[in-house]
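# Secondary and tertiary structure notes
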Amino acid sequence: MKFFIDTANLDQIREAQELGVLDGVTTNPSLMAKEGITGKDNILKHYVDICNIVEGDVSAEVVATDLAGMIKEGEELAELHEQIVVKIPMIKDGVKALKYFSDKGIRTNCTLVFSAGQALLAAKAGATYVSPFLGRLDDISTDGLNLISEIRLIYDNYAFETQILAASIRHTMHVIDCAKIGADVMTGPLSSIEGLLKHPLTDIGLAKFLEDYKKGNS
Ligand code: E4P
């Protein structure tokens, strides 16, 4: 399972990278705005800064919603750095853009996916990644994990190569549940990754080991 961090915050990306388990980064226009990154030149530079911190894929989202606009923006993003994956929304022209980029060998991440049908279309169009937003489904009392299971079943039925990128992860249990289902990738905040290492018995056990060591070596 690949671990992506879902942020545009360079400090958090560095921290996750230093942990040694990071495989990539996802961003979106809201996450860029949250970091105060505005204006096309600054946004493009920020993507390159992120690519220079991590070794894996970095999703950069188009803001155009028409085919010609998505193609122009996506090509510009893809040329920025070899690690860039063009993030395309699940809309009609987005499906066409996925097919266009797939034919050109440009990697894509189909975002804002909320149904198995949308995920099927994304795979048919050749998306590299599909991003079902499980947290946002949970937010409206719909079972987000069930969607991940449905997509896993469909993709396995037909051996689609599109990778399931479980997005909108909110906490560590989402990560664990997605790993059980067989999501290829998870993207979430730093807390969802760091939360995996916490267990009170580890802390209690380590304190006791150190205490006993001191007793025998003082
Ligand atoms: C995915 O690529 C999105 O950036 C993200 O996971 C959305 O998460 P949110 O629902 O917490 O905003």
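Residues numbered from 1 in each chain as written. Predicted model: local features only at pLDDT ≥ 70, side-chain atom pairs only at ≥ 80, totals over all residues. Heavy atoms only, no water.

## Focus: the UniProt feature "active site" (unreviewed entry) in the protein chain
- The sites that UniProt annotates as "active site" (unreviewed entry) are K87.
- Its place among the elements puts K87 in strand β4 (residues 84-89).
- Setting aside anything within four residues of it in sequence, one finds K87 in contact with T26, T27, N28, S59, A60, E61, V62, N109 and T111. (UniProt positions renumbered as here; feature names shortened; annotations may be inferred. Helix = DSSP H or I, 4+ residues; strand = E, 2+ residues; numbered from the N terminus. Contact = heavy atoms within 4.5 Å.)

## Digging into helix α11 (residues 200-216)
- Under the 1.5 Å per step criterion, the end-to-end length of α11 is 25 Å for 17 residues, consistent within 8% with the ideal 24 Å.
- For α11, a buried count of zero out of 17 residues is recorded, marking the element as mostly open to its surroundings. (Expected span 1.5 Å × (residues − 1). Buried < 20%, exposed > 50% of the residue type's maximum accessible area, 1.4 Å probe, protein only.)

## Digging into the site of the ligand
- The immediate surroundings of the ligand are formed by D6, T26, N28, K87, F133, R136, A167, S168 and R170.
- Side-chain polar atom of S168 to an oxygen atom of the ligand: 2.7 Å apart, as the coordinates give it.
- Here an oxygen atom of the ligand sits 2.8 Å away from a polar atom, N or O, in the side chain of R170.
- Within the complex, 86% of the 350 Å² of free accessible area of the ligand lies under protein.
- Partitioned by chemical class, the residues of the shell around the ligand number two nonpolar, three polar and four charged. (Near = heavy atom within 4 Å. Polar contact = N/O pair within 3.5 Å; in protein donor to acceptor, adjacent residues only side chain to side chain. Areas by Shrake-Rupley, 256 points an atom, 1.4 Å probe, with all protein chains shown as cover. Nonpolar A, V, L, I, M, F, W, Y, C, P; charged D, E, K, R; others polar.)

## Re the nonpolar core
- Core analysis: the biggest nonpolar cluster contains 57 residues, and I13, V25, I88, V130 and C178 have the highest contact counts within it.
- Not counting residues within four places of it along the chain, the set of residues in contact with I13 comprises I5, T7, A8, L22, V25, I50, I53 and V54.
- Listed in part, the seven residues of the second largest apolar core include F4, V85, F133 and V185. (Core = buried A, V, L, I, M, F, W, Y, C linked by side-chain atoms within 4.5 Å.)

## A few points about the packing of aromatic side chains
- Under the defined criterion, the tally for this structure stands at five aromatic pairs.
- Pairing F114 with F133 gives two aromatic rings, centres 5.5 Å apart and planes at 65°, and the pair type is edge-to-face. Taken as a pair, F114 in the loop between β5 (108-113) and α6 (116-124) and F133 in the loop between β6 (129-132) and α7 (134-139) lie far apart in primary sequence, 19 residues in all.
- Residue F133 is classed as buried on the basis of its relative accessible area of 7%.
- Ring centres of Y155 and F160 lie 5.6 Å apart, and the angle between their planes is 70°; this geometry places the pair in the edge-to-face category.
- For Y155, a relative accessible area of 0% gives the class buried.
- Put simply, the rings of Y155, Y158 and F160 pair up and form one aromatic cluster. (Phe/Tyr/Trp six-rings, centres within 6.5 Å; stacked < 30°, edge-to-face > 60°.)

## Topic: the pattern of salt bridges
- Overall, the coordinates contain 14 salt bridges when judged by the stated rule.
- In this structure, the salt-bridge partner of D49 is K45, at a minimum N-O distance of 2.9 Å. Remark: K45 and D49 occur in helix α3 (residues 40-53); sequence separation between them is four residues, near one turn of the helix.
- Relative accessible area serves as the criterion here: at 22%, D49 is assigned to the partly exposed category.
- A relative accessible area of 51% places K45 in the exposed class.
- Within this structure, K208, E211, D212 and K215 form a network of salt bridges that share partners. (Salt bridge = Lys/Arg side-chain N within 4 Å of Asp/Glu carboxyl O.)

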